[in-house]
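If you want the building blocks of each chain, they are given just below.
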Amino acid sequence: MRILSRARPWSPSPDDAVRRATGGAVRVLNHADTTALTALAAADPVANCFVESILEKGRDATPAHSGGPLFLGIFTQATPVTAGRPAELEAACWVGANVVPIGATAEAGALFGVALTALHRRFASVYGPREAVLPLWEELSRGPQRARQIRDDQPLMVLRGRPAVEPSPHVRPARTEEFPVVLPACVAMFEEELGFSPLQNGAVQYRLRVEDLIRNGWSLVDLDDAGRVRFKADLGVVSASCTQIQGVWVEPGQRGQGLAAPSVAAVTEYARQTAPLVSLYVNSFNTAALRTYRTVGFEQVGTFATVLL
């Protein structure tokens, strides 16, 4: 007896899906687009610190594998003035567990949102320049995912030189053997910032992330005489041009005692050994943090938005 195999239902490739959904305005980038993507990210090394860090690790624009991370791109449309010229990459978007637009206007952000909806993937967050993130989310929200939080006003700040405050001499890179002490402080910071524990889901991945930061010398701490963390911060993203500080936390009992500004100043001095620009972004409602960063010498250069999914 002949046994007939059941054919799998056909499904379009990611490139086919986004082209169809956007009328060809968006496509998946490939190896040949890597140079253009690198130049686009380099145009704003502060806003695009994360993407530059990915590209500098040897990643190019080629999708890693089916269902894996990829870059989307929007190219110039031919006009009577540009006819005959090669299309140029106008905007791009990193699509991984998180979604990060690059050099995108509001219109481009909306197009990326349409394209992402057509991919039928789930994401952990959308973040980056507010002008692109909010229109992107408006389109993406037409799909099944719902936002847990929308933080639509996050000053993007940068320090280009020495801090305006004398750095604390007590802040230093955490040591490998201090992981059991550093991890609870990281968890406390995460819970305070997002309202849930990072150990609820993906505990292994979070622990590995903290271990990696310590191993790379990118987790900085100030321990009290009893060996407890009084202050912590991470060099969360590092590129050749810019370092982005993340995870700043002062132990609640130590707040209001003048610890934050000198400690952040020490982190920035350490970060400046890696890249000339030091950046961070912060929720506008966190007035205490904003006051600290401005005291240290950070200046606002843009506005981010984050949609937590």
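This text follows the structure it describes.
Since the structure is predicted, the reported quantities are computational estimates derived from the model, not experimental observations.

**What about empty space enclosed by the protein?**
Line of reasoning, step 1. Taken as a whole and judged by the stated rule, the model has 1 cavity of 30 Å³ or more.
Line of reasoning, step 2. In this structure, the largest cavity encloses a volume near 70 Å³.
Line of reasoning, step 3. Those elements that place two or more of their residues in the lining of the largest cavity are α3 (49-56), β4 (98-102) and β5 (125-129).
Line of reasoning, step 4. Considered class by class, the residues forming the lining of the largest cavity number 7 nonpolar, 3 polar and no charged.

**With respect to the pattern of salt bridges**
Pairing of side chains with opposite charge becomes possible as their charged atoms draw close.
Line of reasoning, step 1. Counted according to the given criterion, the structure contains 13 salt bridges.
Line of reasoning, step 2. The partner of E269 in a salt bridge is R272, with the nearest N and O atoms 2.7 Å apart.
Line of reasoning, step 3. Taking relative accessible area as the criterion, R272 reaches 30% and is therefore assigned partly exposed.
Line of reasoning, step 4. Each of R162, E269 and R272 takes part in salt bridges that share partners, so that together they form one network.

**Some words on the side chain of T292**
Line of reasoning, step 1. Note on placement: T292 falls in helix α9 (residues 287-296).
Line of reasoning, step 2. With a relative accessible area of 16%, T292 lands in the buried category.
Line of reasoning, step 3. In this view, T292 contacts A260, A261 and V264; residues no more than four positions away in its chain are not counted.

**Observations regarding helix α5 (residues 130-140)**
Since one α-helical turn is 3.6 residues long, residues separated by three or four positions face the same way.
Line of reasoning, step 1. Buried residues of α5: A132, V133, P135, L136, W137 and L140, and no others.
Line of reasoning, step 2. In this fold, the buried residues of α5 make contact with β3 (89-95), β4, α4 (106-119), β5, β6 (149-159) and β12 (299-308).

**Digging into the sheet that holds strand β10 (residues 242-250)**
Line of reasoning, step 1. If you walk across this open sheet you meet the 12 strands as β1-β2-β3-β4-β5-β12-β6-β11-β10-β9-β8-β7, and the pairing is mixed. A strand with exactly one partner marks an edge of an open sheet, and here the two such strands are β1 (26-28) and β7 (172-173).
Line of reasoning, step 2. Packing against the sheet, α5 makes contact with β3, β4, β5, β6 and β12, and its axis sits at approximately 150° to β5.
Line of reasoning, step 3. Packing against the sheet, α9 makes contact with β6, β10, β11 (277-281) and β12, and its axis sits at approximately 15° to β6.

**Digging into the nonpolar core**
Line of reasoning, step 1. In terms of nonpolar packing, the biggest core is built from 27 residues, with L72, V95, F112, L116, V126 and L136 touching the most fellow members.
Line of reasoning, step 2. Only β1, β2 (70-75), β3, α4, α5 and β12 provide two or more residues apiece to this core.
Line of reasoning, step 3. Among residues more than four places away in sequence, those in contact with L116 are L72, V95, V99, F123, L136 and L140.
Line of reasoning, step 4. M157, V165, L235 and A289 belong to the second largest nonpolar core, which has 26 residues in total.

**Description of the packing of helix α6 (residues 179-194) against helix α7 (residues 203-215)**
What describes two packed helices is the angle between their axes and the distance between those same axes.
Line of reasoning, step 1. Two elements in contact, α6 and α7, have axes whose closest approach is 10 Å; the angle formed by their N-to-C orientations is 120°. Judged by the angle between their axes, α6 and α7 are oblique. When you trace α6 past α7, the crossing you get is right-handed. Across the interface between the two elements, F179, V182, L183, C186, V187, M189 and F190 of α6 pack against Y206, R207, V210, E211 and I214 of α7.
Line of reasoning, step 2. For the contact of α6 with α7, the per-class residue count stands at 10 nonpolar, no polar and 2 charged.

Definitions and cut-offs
- Residues numbered from 1 in each chain as written.
- Predicted model: local features only at pLDDT ≥ 70, side-chain atom pairs only at ≥ 80, totals over all residues.
- Heavy atoms only, no water.
- 1 Å grid on protein atoms, 1.4 Å probe; cavity = no way out; pocket = protein on both sides within 12 Å on 5 of 7 lines; lining within 4 Å.
- Points joined across faces, edges and corners; volume = space filled by probe spheres on them.
- Helix = DSSP H or I, 4+ residues; strand = E, 2+ residues; numbered from the N terminus.
- Nonpolar A, V, L, I, M, F, W, Y, C, P; charged D, E, K, R; others polar.
- Salt bridge = Lys/Arg side-chain N within 4 Å of Asp/Glu carboxyl O.
- Buried < 20%, exposed > 50% of the residue type's maximum accessible area, 1.4 Å probe, protein only.
- Contact = heavy atoms within 4.5 Å.
- Pairing = 2+ DSSP bridges.
- Axes fitted to C-alpha atoms, helices over the stretch in contact; angles between N-to-C directions.
- Core = buried A, V, L, I, M, F, W, Y, C linked by side-chain atoms within 4.5 Å.
- Parallel < 35°, antiparallel > 145°, perpendicular 65-115°, else oblique.
- Left-handed = near helix turned anticlockwise from the far one by under 90°.

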